[in-house]
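If you want the building blocks of each chain, they are given just below.
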Protein chains: 2
Amino acid sequence: MTKPATSAERPARSPRHVRGPAPTLHDVAREAGVSLATASRVLNGSERKVAESFRERVESAAGKLGYTANVSAQSIAKGTSPVIALLVADIADPYFGQIASGVARGADEEGLVVTIAITERDQAREARIVRALRGQRPRGLILAASRTQEATEAETAHELAEFVRQGGRVVAFGPDGEGERHIEIDNRSGAEALGRLMAERGYRRAIVLGAADGVRTSDDRLVGFRASFEQAGGVVESVHRGDFRRESGAAGMRAALDRGVEAGTLVFAISDVVALGAMSAIRDAGREIGTDIAVCGFDDVPASSDVSPALTTVRVPLSDVGYQAFRATVDVEWVQAPLPLEVIVRASTPMVGS
Amino acid sequence: MTKPATSAERPARSPRHVRGPAPTLHDVAREAGVSLATASRVLNGSERKVAESFRERVESAAGKLGYTANVSAQSIAKGTSPVIALLVADIADPYFGQIASGVARGADEEGLVVTIAITERDQAREARIVRALRGQRPRGLILAASRTQEATEAETAHELAEFVRQGGRVVAFGPDGEGERHIEIDNRSGAEALGRLMAERGYRRAIVLGAADGVRTSDDRLVGFRASFEQAGGVVESVHRGDFRRESGAAGMRAALDRGVEAGTLVFAISDVVALGAMSAIRDAGREIGTDIAVCGFDDVPASSDVSPALTTVRVPLSDVGYQAFRATVDVEWVQAPLPLEVIVRASTPMVGS
DNA sequence: GTGAAAGCGCTAACAG
DNA sequence: CTGTTAGCGCTTTCAC
């Protein structure tokens, strides 16, 4: 039976130095001697329409109290929250790190908050997380994690559909799906260009370190590479399956080395991180990277230019990709801006015979 | 003059396939034919006390409607929000990426959400961001960005103080401050161990690539290194100032090379990322890393073991650091767990004379 | 056990 | 322009 607490009854705010709950708009209004509405208008509302004298009093009261609007309260009152949720497999992976930084840049421009969640490449986890994120009623959900299947796992797909049905927007990486926006990276063409160039440099034998069969990104890169490389007279001798992690590259490479790798062979790793793992395995086996066993990757993460020999790769503008994903999440009209891929030839793939 | 919308008046939820606002607890309750309170109890409340039959009806209704509790509403009703805010300078930097992943791991364990913001190493931005984050009423605020000054900038400090006064907890990296919890990395000892080991390996001349004077992390590392290195008879010939970025390392190294660097000199970079930049500059100058110019860094980011020659460094358990920071943010009783540093000697610093 | 109703902090009509 | 007031979606006494 508590009576509504009018400003008169509410205990006044404690002095500055005392620890206590965050001040509310109510507190500010009382302190300034104005109404809630007025205080709201000057502090948050859509500009104009408040006398200068009032405005000043409110602002000074707010400053004195250290007031900051409660975002949750605003969200529920306005019916929309300022958050964008980002789902990545592993934030410590440079691939996702770059993407995340692009997303953050965009969010910052629009004054939005980005919430981040890690799937650890676990499908069940992913579904749980999407569910939890839905609770935040984010404006958009960016699914950068799903380098996995072409079709996301059923449970996750269901959560996503529900989210979309309730007015959220989901942006995923990969080919077009229903009702969602997608960021397309032309992996296939990029890989084609790479395969062609490698053939031109004189390579004729290649082994590929790929992810599981059916993983879209990996498949596209593999298909593209193979197409142009074989067309130019090269041959892909074997494909080792794994995932996108460094360790997978090392393991795949070790397996290949065990079966024997002729000098002059080119190793095409599905991503730079995988290539880095492979390079390490090659070194550990006492082989030399470059003229002995050449290596190329895909993505152009920062580390690729630091290793030595530096890694030949296909540059994907990852940060822009993240930025684009963000835009897709908030813009009403949206068409994906071009995301040009570029082959970067470095020392890990010297001209054959030179 | 809108009358309170009773369940009877409220339009029933649209059919499943229609797009519309997210269903509310109200909707679920009506669908299940129970009261708001009951629905709340089974879906979110603290267990027990609801008849099995009711529970089932509510759960099925929730499932049917695709209901997910609105976190904002819960936050304001409960007076506490499930978020931890993380502030980093640059999420694409592997140093911060590792830390973030540790924070995310902890948050996940506790069912908390992590919100991430990027300062871009800009003090003014940092203050603005802290202010914005305060609005989320996060349980805790982790300041991983401030590798900058010993004392955070005034404006930021003020926002932080306000946050703490209002019951938030801030965890910063660095030496102890007032009322806040801090994560201490024993940079000084780590650097001492490194300097000692380098001297043992036969190095006698070193140049340092540091951050600005007054930047705590950098100063500690520099002081520690110099202490043991000089004690062992070595001499630090020069200190080039910059920041923690790769480019800073490259620039500092170029400057040093311009002034001339004798063979057998050891370059100690304040962080691995800086060391990576330096290595690149050394290569560009046509010098060799290792027996010609040796390089060592600090942090042991993943890329350090991938470069060749691999980088000698001091391993900081970055992910654990992030995890610890998270714990400090939520635990009532908290003492920092040990964060052992370990010197990792790799090929970039061969024994002198071998 | 279950339900009614009073808020949580804020916004947005709607009156003055 | 300024103040009143009815919610936003949910939790939580407090009765029944």
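Residues numbered from 1 in each chain as written. Chains lettered and ligands numbered in written order. Predicted model: local features only at pLDDT ≥ 70, side-chain atom pairs only at ≥ 80, totals over all residues. Heavy atoms only, no water.

## Some points on the interface of chain A and chain B
- Across the contact, 53 residues belong to chain A and 53 residues belong to chain B.
- Roughly 4,500 Å² is buried in total at the junction of chain A and chain B, and carbon and sulfur atoms are behind 46% of that figure.
- At the boundary of chain A with chain B, the tally comes to four salt bridges.
- We note a salt bridge from A:Asp108 to B:Arg125, for which the minimum N-O separation is 2.7 Å.
- Remark: the boundary between chain A and chain B carries 28 residue pairs in polar contact (both at pLDDT 80 or more).
- Elements with a contribution of two residues or more to the side of chain A that touches chain B: helix H4 (71-78), helix H5 (94-109), strand E2 (113-118), helix H6 (123-134), helix H7 (154-165) and helix H11 (272-284) of chain A. (Contact = heavy atoms within 4.5 Å. Buried area = accessible area lost by both parts, 1.4 Å probe. Salt bridge = Lys/Arg side-chain N within 4 Å of Asp/Glu carboxyl O. Polar contact = N/O pair within 3.5 Å; in protein donor to acceptor, adjacent residues only side chain to side chain. Helix = DSSP H or I, 4+ residues; strand = E, 2+ residues; numbered from the N terminus.)

## With respect to the sheet that holds strand E4 (residues 169-173) of chain B
- Taken together, the ten strands give an open sheet; going across it, the order is E5(A)-E4(A)-E3(A)-E1(A)-E2(A)-E2(B)-E1(B)-E3(B)-E4(B)-E5(B), and neighbouring strands pair in mixed fashion. The sheet is open, and its two edges are formed by strand E5 (181-183) of chain A together with strand E5 (181-183) of chain B, each paired on a single side. In this sheet, adjacent strand axes meet at a mean angle of 25° when their direction is disregarded.
- Alignment of E4(B) against E5(B), held across three bridges, turns out to be parallel. Residue pairing for E5(B): B:Val171 is matched across the bridge by B:Arg181.
- Strands in contact with helix H5 (residues 94-109) of chain B are E2 of chain A together with strand E1 (83-88), strand E2 (113-118), strand E3 (140-143) and E4 of chain B; relative to E1(B), the strand with the most contacts, it is inclined by about 175°. (Pairing = 2+ DSSP bridges. Axes fitted to C-alpha atoms, helices over the stretch in contact; angles between N-to-C directions.)

## Overview of the relation of the copies chain A and chain B
- Once chain A is rotated about the relating axis by 180° and shifted along it by 0.1 Å, it coincides with chain B to within an RMSD of 0.1 Å. The transformation relating the two chain copies, once decomposed into turn and shift, fits a two-fold axis. (Least-squares fit on C-alpha atoms with pLDDT ≥ 70 in both.)

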